[in-house]
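# Residue-level structure breakdown
Each chain is listed here by its residues.
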Amino acid sequence: MPTPAIKKLFPGIFILPTVALLLSAFMTWANAQAGTPFLPTWARNFATSIVFLPVILMGMVQIEKLLARIAPQLQGNMLKLVVSLLGALFIESLLAAVIAVISNPLDASWFGFWWRAFSRSLPVGLLVGLFMGFYMKPKIEEMKARAAAAA
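Calculation notes
- Residues numbered from 1 in each chain as written.
- Predicted model: local features only at pLDDT ≥ 70, side-chain atom pairs only at ≥ 80, totals over all residues.
- Heavy atoms only, no water.
- Helix = DSSP H or I, 4+ residues; strand = E, 2+ residues; numbered from the N terminus.
- Buried < 20%, exposed > 50% of the residue type's maximum accessible area, 1.4 Å probe, protein only.
- Contact = heavy atoms within 4.5 Å.
- Patch = residues over 30% accessible without salt bridge, like charges linked within 9 Å, V, L, I, M, F, W, Y side chains within 5 Å.
- Areas by Shrake-Rupley, 256 points an atom, 1.4 Å probe, with all protein chains shown as cover.
- Salt bridge = Lys/Arg side-chain N within 4 Å of Asp/Glu carboxyl O.
- Phe/Tyr/Trp six-rings, centres within 6.5 Å; stacked < 30°, edge-to-face > 60°.
- Lys NZ or Arg CZ within 6 Å of the ring centre and 35° of its normal.
- Axes fitted to C-alpha atoms, helices over the stretch in contact; angles between N-to-C directions.
- Left-handed = near helix turned anticlockwise from the far one by under 90°.
- Nonpolar A, V, L, I, M, F, W, Y, C, P; charged D, E, K, R; others polar.

This next bit is on the overall build of the protein chain. Broken down by element type, the protein chain carries four helices and zero strands. Counting helices and strands in the order they occur from the N terminus, the protein chain gives α-α-α-α. Seen through its C-alpha atoms, the protein chain measures out along the principal axes to roughly 55 × 40 × 20 Å. Among the 151 residues that make up the protein chain, the fraction classed as buried is 32%. When contacts within the protein chain are restricted to residue pairs at least 6 apart in sequence, long-range pairs at least 24 apart make up 72% of them.

Following this line, the structure appears as structure tokens:
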């Protein structure tokens, strides 16, 4: 029995925008200035996150490959945990930097802006990273394996 098309498309269509929505909302909230309209600022940060997240996620694949080389003793759930945590730090730091660049002048206040965005959204990023590493990545790999076997 064939899988419905929407089920095949679900990870690619809904996961990336959901992650971008959550992270950009927290980063925007973290740096909201009094009197600054939240929705337009968040919309700009959300659009930026949508553009940069695929590049960042490709970097996560490289993190996993690097860990496989430098720490081959990490296997199974321990590898998933380390990749998830490092990936969350990677995603948060880069997205916070990009959002800080577009939302704040490159002056002495930039680091404080970046730190607020990074530190306040990190708990959400860690949860997203753990969810992706332990639940979504295995599901996506399983779907890819089934598609390759069917082809």
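Still more to cover.
Attention now moves to a nonpolar patch on the surface. Nonpolar side chains collect at one region of the surface, where Phe26, Trp29, Phe38 and Leu39 lie side by side and expose about 430 Å² of accessible area between them. Locating Phe26 in the fold gives a position in helix α1 (residues 5-30).

Here we come to the packing of aromatic side chains. This model, assessed by the stated rule, comprises seven aromatic pairs. Ring plane angle 40 degrees and centroid distance 5.7 Å describe the contact between Trp115 and Phe118, whose orientation is recorded as tilted. Here Phe118 and Trp115 lie together in helix α4 (residues 110-150), a separation of three residues that amounts to about one turn. An aromatic cluster is built from Phe111, Trp114, Trp115 and Phe118, whose rings are joined through pairwise contacts. Stacked on the ring of Trp29, the Lys or Arg Arg120 has its end atom at 5.7 Å from the ring centre.

Attention shifts here to the pattern of salt bridges. Counted under the stated rule, the structure contains one salt bridge. Measuring nitrogen to oxygen at the nearest pair gives 2.7 Å for the salt bridge that ties Arg146 to Glu142. Of this pair, Arg146 and Glu142 both sit in helix α4, four residues apart, roughly one helical turn. By relative accessible area, Arg146 is classed as partly exposed at 46%. Taking relative accessible area as the criterion, Glu142 reaches 40% and is therefore assigned partly exposed.

Attention shifts here to the packing of helix α2 (residues 38-70) against helix α3 (residues 76-103). Taken N-terminus to C-terminus, the directions of α2 and α3 make an angle of 145 degrees; their axes are 9 Å apart at the nearest point. In this structure, α2 meets α3 at a crossing whose hand is right-handed. Classifying every residue of the contact of α2 with α3 gives 18 nonpolar, six polar and two charged.

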